Amino acid sequence: MPDQSSFTRRGFLKGLAGACALGATGALVGCGGSPSAPSSGGGSAADGGATSGATHKVEMVTDTGGVNDQSFNQISWSGLQQLQRDEGWTISYLESKQESDYVTNLDKAVDDDAELIWAIGFAMAKAVGNAAKANPDVQFGIIDNANPTDAPNITGVQFRAQESSFVVGYIAACVSKTGMVGNVLGVESDVMLQFELGYKAGVAYANKDKGLNVQCESQYAESFGDAAKGSSITQRMVSDGCDVVFQAAGGTGVGVINACKDAGIYAIGADMDQSYLAEGTVLTSALKEVDVAIVDVSKRLLSGELKGGTNITLGLSDGAVGIPEDYSLMGEDVYNDALAVEGLIKSGDIVPPATSDDYDKFIASL
């Protein structure tokens, strides 16, 4: 049987515990919980659960995908829910319907007397930088972006998404019957480029490794909250012959998965294990343990163990990205080969590209 321990949360925390002495360079220590659906009765949760120390107030501001995006924002909220359950902290969220809401919502979170405010997504970088400058006594964290300023009260948490995207690209190429796979992305950015190029490079590596000739097409939806657009893009890809489509598009990606289900092809999820959205359709997912990172960084910031102004970057070697353990749709052989690819990434023998220049160099090296 394959080694299925690679990306358990226990493995994530165990792998990082030994690096605790690194402090601000990127080690995380703590305990995270399984993703769960956010509360439907409003944007807050009162104090409750077991308390192991001082109580704190933490608030998060979503990007335009919203807290029920079945992806990035939802798993971030799950991390705060874990803090509420385990520590008795007061938690809440504010949803951004449009980009102009970022400034308003961050200001409201400050007015709510939150000690730590999480901004979910790179699109909020400018707004967070301004909010932190205006409120030096409040701690801010941003997911998928480095500290956008020199402010000592912003912590940036980034993930090497190109690594897990490379692995799912490899898997997609291995299972494709038509020799054509697709990739639907959200709003064009450096972060989305990691997903796109990692996936394409994984397909290219599988072509070399397995003697295949699988082609890949990508398209940006320029939205994280438009499921209808995700569906229409996917339908076009299906008509082009794609039989596996990887989405990294937040709420837009839900439309991708639904369109794949309707077409009878495989979808690949992102951020959290999205197999529950369409059983028998979601082949695998490119995971980001965002909730675990939020739990650990929140605890360390508010205890004083971690100082603001830190940038933390996490990847496969930290157990912070990866794929789910269920390989029922891809089969044991493909899963074993994918684990071997993961091992090569961890060892540095494969370096998935995150920029266009690195992608060109990677392809030329094959």
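Note that the structure is a prediction, hence the values are computed from the model and not measured.

## Digging into the pairing of strand 10 (residues 266-271)
Step number 1: Extensive coverage of strand 10 is indicated by the burial of five of its six residues.
Step number 2: Taken together, the three bridges between strand 9 (residues 244-248) and strand 10 define a ladder with parallel strand orientation. Its bridge partner lying in strand 10, V245 is registered against A267.
Step number 3: Following the backbone out of strand 9, through helix 8 (residues 251-263) and into the adjacent parallel strand 10, one traces a crossover that is right-handed.
Step number 4: Pairing of strand 10 with strand 11 (residues 282-288), which is carried by five bridges, proceeds in the parallel orientation. Within strand 11, the position partnered with A267 by the bridge is V282.

## Thoughts on the packing of aromatic side chains
Step number 1: Evaluated as defined, the whole model comprises eight aromatic pairs.
Step number 2: The interplanar angle of 70 degrees and the centroid separation of 6.1 Å between the aromatic rings of F122 and F224 together place this pair among those described as edge-to-face. Note that F122 is positioned in the loop between strand 4 (116-120) and helix 4 (125-134) and F224 in the loop between strand 8 (215-220) and helix 7 (227-239), a separation of 102 residues in sequence.
Step number 3: Centre to centre, the rings of Y170 and Y205 are 6.1 Å apart; their planes meet at 40 degrees, and the pair counts as tilted. In this pair, Y170 is assigned in helix 5 (residues 161-175) and Y205 in helix 6 (residues 190-210), connecting sequence segments 35 residues apart.
Step number 4: The buried category is assigned to Y170, whose relative accessible area is 1%.

## Some points on the packing of helix 6 against helix 11 (residues 356-365)
Step number 1: Closest axis-to-axis distance for the helix 6/helix 11 pair is 10 Å, and the angle between their directions is 0 degrees. The orientation of helix 6 relative to helix 11 falls into the category roughly parallel. Facing L193, L197, K200, A201, A204, Y205 and K208 of helix 6, the residues of helix 11 in contact are S356, Y359, F362, I363 and S365.
Step number 2: Counted by class, the contact of helix 6 with helix 11 contains eight nonpolar, two polar and two charged residues.

## A few points about the nonpolar core
Step number 1: Counting 75 residues, the largest nonpolar core has L80, W118, I143, F159, I171 and F246 as the members making the most contacts within it.
Step number 2: Among the elements that take part in this core, helix 6 stands out by supplying 10 residues, more than any other.
Step number 3: When neighbours within four sequence positions are excluded, F159 is seen to be in contact with I143, D144, Q194, K288, E289, V290, A293, L314, A320 and V321.
Step number 4: Counting 20 residues, the second-largest nonpolar core is a separate cluster that includes L94, A109, A119 and V128.

## Things to note about the packing of helix 7 against helix 8
Step number 1: It is the contact of helix 7 with helix 8, at a shortest axis distance of 6 Å, that shows an interaxial angle of 40 degrees. Accordingly, the angle class assigned to the pair helix 7 and helix 8 is oblique. For the pair helix 7 and helix 8, the sense of crossing is right-handed. Contacts from A227, G230, S231, T234, Q235 and V238 of helix 7 reach helix 8 at G251, T252, G255, V256, A259, C260 and A263.
Step number 2: Taken together, the residues of the contact of helix 7 with helix 8 break down into six nonpolar, seven polar and no charged.

Reading the values: rules and limits
Residues numbered from 1 in each chain as written. Predicted model: local features only at pLDDT ≥ 70, side-chain atom pairs only at ≥ 80, totals over all residues. Heavy atoms only, no water. Buried < 20%, exposed > 50% of the residue type's maximum accessible area, 1.4 Å probe, protein only. Helix = DSSP H or I, 4+ residues; strand = E, 2+ residues; numbered from the N terminus. Pairing = 2+ DSSP bridges. Right-handed = clockwise from strand over helix to strand, strands pointing away. Phe/Tyr/Trp six-rings, centres within 6.5 Å; stacked < 30°, edge-to-face > 60°. Axes fitted to C-alpha atoms, helices over the stretch in contact; angles between N-to-C directions. Parallel < 35°, antiparallel > 145°, perpendicular 65-115°, else oblique. Contact = heavy atoms within 4.5 Å. Nonpolar A, V, L, I, M, F, W, Y, C, P; charged D, E, K, R; others polar. Core = buried A, V, L, I, M, F, W, Y, C linked by side-chain atoms within 4.5 Å. Left-handed = near helix turned anticlockwise from the far one by under 90°.

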